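Each chain, letter by letter, is given below.
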Amino acid sequence: MEDSHSQSLGKLESEMDPMALYCSEGEQDNDLSFREKVDAAEDWKDTINKVVPAVVVLRITSCRSFDTESPSSGYATGFIVDKQRGIILTNRHVVKPGPVVGQAIFLNHEELPVYPIYRDPVHDFGFFRYDPAAIQFLDYEEIPLAPEAATVGLEIRVVGNDSREKVSILAGTLARLDRDAPTYRTDGYNDFNTFYIQAASGTRGGSSGSPVIDQQGRAVALNAGANLKSSSAFYLPLERVVRALRLIQSGWVPTKNKFEAVPIPRGTLQVTFHYKGFDEVRRLGLRTETEQMVRHTSPRGETGMLVVHSVVPGGSAFDQLEPGDVLVCMNGEVTTRFLELEKLLDDSVDQVIVLDIERGGMSLTVNLVVEDLHSITPYHFLEVSGAVIHPLSYQQARNFRFNCGIVYISDPGYMLFRAGVPRHAIIEKFADVEISQLEDVISVLSKLSRGARVPLEYITHTDRHRRKVNVPPSCLLDGVHSRHSSGTGIIVHHSEGMGLVAVDRNVAAISASDVLLSFAAFPIEIPGLFFFILFIILPLSHMTPLLWDLLVVQWFALPNSVLASWFWRWKRLSKLNLFVMSGVEPALCRGDTVFLVGLRSLQAISRKSTVTNPCLSLNVSSADPPCYSPRNMEVIELDSDFGYTFTGVLTNELGKVQAIWARFTSKLKSGGSTSKDSQFVKGIPIYIICQVLDKIIDGANGSFLLINGVRRPMPLVRTLEVELIPILLSKARTFGLSDDWIQAMLKKDPTRRQVLRVKACLAGSKAVNQLKQGDMVLAVNKESVTCFRDLENALQKLEKCGDSDGQIKMTIFRQGSVIDLLVRTEVRDGNGTTHMINWCGCILQYPHQAVRALGFLPKEGHGVYIAKCHRGSPADRYGLCSLRWIVEVNGKPTPDLDAIYNVTKELGNEEPIRIRTVNLNGKPQVLTLKQDLHYWPTWELRFDPDSAIWRRDTIKALEL
């Protein structure tokens, strides 16, 4: 960038110099003006060449939600202010108030780790340190700080990583030195009690922390923010920065090549002041004689005074100062500027100071103790079940008007999110214990057993006068993007040792979830356990049986009717209303009368309706990103629209359940490449549940699961991993299907008048090399097939005959010919995804069926699929995105999770790692990253059928 800049100036000069020879006499004045600009640019050229090597790109990752910041990764700018000690100056919002990992990228692309050594509790500046001895190839100088050089009209340059261009140089002129501190967010970080400098330099994202330099190469201010709707940029003055830097430098021990802890005194009254002009201060009641005294006393010809804007509850000034109070003197000295205020407070920590104020025209004197600002700035946090809890900071106390130090929820995580506790909440009572500090929460948690449920009372800043009392999946596998859901289910079996509930997969998408079942008709709530994710032809059908411990509720007589209703919740905050299934009636027909029975607001409601289509083929568009979508299903359609929130069961007049009225999700395009969820409801015939229910009750051979202390076999289901769609016989005729076959199909099923056609085979399935897209399925084992149920029945017969070969004979119409094929089938259990690894903030798993349904797997095998990447993780920092496969790590193939396990457990912290990935379109990519085992250890989650729980084990973590 330096050479390019020089060449640009050189080209400008060579083009314009010859033109001066041909200028008329009347044009020479303009030409002289232009030449002055060229000469000025030439002067700036030397300055820029000196400054640019001292400016670094900072790659910053905020690893946890803390205080005002959320987990994130991004780029910013910093510049070297002490070459010998390796100190980089940047913004506080870059250094972050909490856990942070950073690297400095120098002009010549040398990269070094940086470590925070100071972030100011209030003002937007902080320091990183790097090891200067590690710089091998770059010649650079430090940039001196000159706050006194900032004057109105000064020409400046902002040098930094503006818009992530690595080096960008923006010109401007200082217009104001007394701008109010900008307000960025009402619930986040804001600077205050300082002036800002303003210029129209048009800085953008990435330039935070850039030096604002004058023509001598001195930093006169620190770039901090901008108004994106205009070209205005906001710079932080450097007076207090210089003070902090000198104190830090005083702690340097050259013989040890390290810093010793040096206090940087920061005092506060927990009061926010605003600077107001005399015209406004007069309206607040300032007396004329006071104004005259202030104007005459101020050597700068003062134009305003400091006015109290807000006071934090619990601070030394609370109940002493009020909004609208005009500050006149501090310790007998007229104080009208923030810098004077800050100097006195920082030099008077834990001391009493005297404030002379005017309130509505009355003079008052107030004695206040200056508090230690660092003592009300949190420096530790508690992390439990994904929640981040710490003392409330001065920043957020000021935003929300709470006392500093009370227990604040920066991130609710899984545990508190499940209880409905939002971010920014304040915990007041936990397990009937009053909470005033973080140690109280730790004490309560240490006494609770795993899974214990206790009351929690909290308030929020938006509803502070009322306490809320509260008593979702634990990891987002298989493309699930929502942490909570709700729906209605049906009790399909209950005996002394086991109870089973069926619920649609729109509610229960994955097995890695917590389940709570609650009775609407009786006040009890019990946990549930995922028992089987149902598979029919494809493992893509829509019902999921659950079980509960009937030993808990056997004293409660479940009525044999549809009015035994429940309310469900699970780790995705699910709501399940359940009905007891009583018998199975023959399949519904067009025109049949049914009763839709469900719950609204936990009240049983029944609606009468008529079946308009008992065999509607469900066609749900594929989700993006890939997640579960029902396939190979026929559903029931009614003539009435009761809304998608009303789910339950369809019964006849005798209360016999004939179908589940279930909710489905479809993706709708909402403009561009984005999509949104669309909900609709249809009926699922009850036979779909009965096919698996019989196997569960009979104890069919398969894998085992611990239920109520007894190991019970889980059924295995024979499947054909093929997606089929029906087409009308009239359409099939145009493709060349013979009249004989058409007549046979009509005789078999005169209602549907259709034939099944292969839409796609799942990638990696046994049928993928046998069946082709467009094949029409005419018969299986010499029996005609016209619907999905025919194929299901054929697979069940194969299972009953005990054919270990697992092949079915399919009669296929392909490209004008009828052929017979032996197609291999699959055997699947109902566990779903039972193993995942969290590595570098990525959730890694076996590619689930929605991914395989796209028809592609890497040539290296099924590989390891990235289902999700967490914000603030190494994966986020280095651009390792979700929705792709990891096929190699450091040149070693990773065809499965076991391979990833073996490779990653040998990798060290901060060790460079080379990764080869393949995205959903088959495009390969090689990238590099470094592990952060301190904040992001490698761990795995496995479902243990012997104990019926998910177990988390640490694979590799940083040993401290």
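Scroll up to find the structure this text is about.
What counts, and where the lines are drawn
Residues numbered from 1 in each chain as written. Predicted model: local features only at pLDDT ≥ 70, side-chain atom pairs only at ≥ 80, totals over all residues. Heavy atoms only, no water. Helix = DSSP H or I, 4+ residues; strand = E, 2+ residues; numbered from the N terminus. Contact = heavy atoms within 4.5 Å. Pairing = 2+ DSSP bridges. Axes fitted to C-alpha atoms, helices over the stretch in contact; angles between N-to-C directions. Phe/Tyr/Trp six-rings, centres within 6.5 Å; stacked < 30°, edge-to-face > 60°. Buried < 20%, exposed > 50% of the residue type's maximum accessible area, 1.4 Å probe, protein only. Lys NZ or Arg CZ within 6 Å of the ring centre and 35° of its normal. Arc of directions from axis to C-beta. Polar contact = N/O pair within 3.5 Å; in protein donor to acceptor, adjacent residues only side chain to side chain. Salt bridge = Lys/Arg side-chain N within 4 Å of Asp/Glu carboxyl O.

Digging into the environment of Asp440
Phase 1 of the analysis: For Asp440, the location among the structural elements is in helix H10 (residues 438–446).
Phase 2 of the analysis: In this structure, the C-alpha to C-alpha distance between Asp440 and Phe430, residues 10 residues apart in sequence, is 8.8 Å.
Phase 3 of the analysis: When neighbours within four sequence positions are excluded, Asp440 is seen to be in contact with Glu434 and Ile435.

Here we look at the sheet that holds strand E9 (residues 195–199)
Phase 1 of the analysis: Spatially, 6 strands are ordered E7-E8-E9-E12-E11-E10 in a closed barrel, and the strand pairing comes out antiparallel. Pairs of neighbouring strands in the sheet enclose a mean axial angle of 45°, with direction left out of account.
Phase 2 of the analysis: Looking at chain direction, strand E10 (residues 211–213) and strand E11 (residues 219–226) are connected through 3 bridges and run antiparallel. Note that in E11 the partner of Val212 across the bridge is Ala221.

With respect to the sheet that holds strand E1 (residues 55–62)
Phase 1 of the analysis: The antiparallel closed barrel is built from 6 strands, whose spatial order is E1-E2-E3-E6-E5-E4. Strand-to-strand twist in this sheet, taken as the mean axis angle between neighbours without regard to direction, amounts to 40°.

A look at the packing of aromatic side chains
Phase 1 of the analysis: Counted according to the given criterion, the structure contains 14 aromatic pairs.
Phase 2 of the analysis: Here Phe106 and Tyr130 contribute two aromatic rings whose centre-to-centre distance is 5.5 Å and whose plane-to-plane angle is 65°, an arrangement assigned as edge-to-face. Placement of the pair is Phe106 in the loop between strand E4 (100–105) and strand E5 (111–119) and Tyr130 in the loop between strand E6 (126–129) and strand E7 (155–160), with a sequence separation of 24 residues.
Phase 3 of the analysis: Residue class for Phe106 comes out buried when judged on its relative accessible area of 0%.
Phase 4 of the analysis: Both rings, one in Phe856 and one in Trp885, keep their centres 5.6 Å apart while their planes meet at 75°; by these two values the pair is edge-to-face. Of the two residues, Phe856 is situated in the loop between helix H16 (849–852) and strand E55 (864–869) and Trp885 in strand E56 (residues 884–889); the sequence distance between them amounts to 29 residues.
Phase 5 of the analysis: Trp885 sits in the buried class, given a relative accessible area of 0%.
Phase 6 of the analysis: Linked through ring pairs, Phe106, Tyr130 and Tyr140 together constitute an aromatic cluster.
Phase 7 of the analysis: The ring of Tyr140 carries the charged tip of Lys83 above its face, separated from the ring centre by 5.1 Å.
Phase 8 of the analysis: A cation sits over an aromatic face here: Arg757 above Phe735, 4.3 Å from the ring centre.

Regarding the environment of Pro263
Phase 1 of the analysis: For Pro263, the location among the structural elements is in the loop between strand E14 (258–259) and strand E15 (267–268).
Phase 2 of the analysis: Classification of Pro263 as exposed rests on a relative accessible area of 61%.
Phase 3 of the analysis: Between the alpha carbons of Pro263 and Ile248 there is a distance of 8.4 Å; along the sequence they are 15 residues apart.

With respect to helix H18 (residues 897–904)
Phase 1 of the analysis: Among all positions of H18, only Leu897, Ala899, Ile900, Val903 and Thr904 are buried. All buried residues of H18 project into a common sector of 155° when viewed along the axis, lining one side.
Phase 2 of the analysis: You can read the cap of H18 off the contacts: a side-chain oxygen lies 3.3 Å from the backbone nitrogen of Asp898, and it is on Asp896.

Concerning the pattern of salt bridges
Phase 1 of the analysis: In this structure the tally under the stated criterion is 42 salt bridges.
Phase 2 of the analysis: Where Arg287 meets Glu358, a salt bridge forms, and the shortest distance between an N and an O atom there is 3.1 Å. With Arg287 in the loop between helix H5 (278–283) and helix H6 (288–297) and Glu358 in strand E20 (residues 352–359), this residue pair connects regions lying 71 residues apart in the sequence.
Phase 3 of the analysis: Taking the shortest distance from any N to any O, the salt bridge between Arg852 and Glu721 comes out at 2.6 Å.

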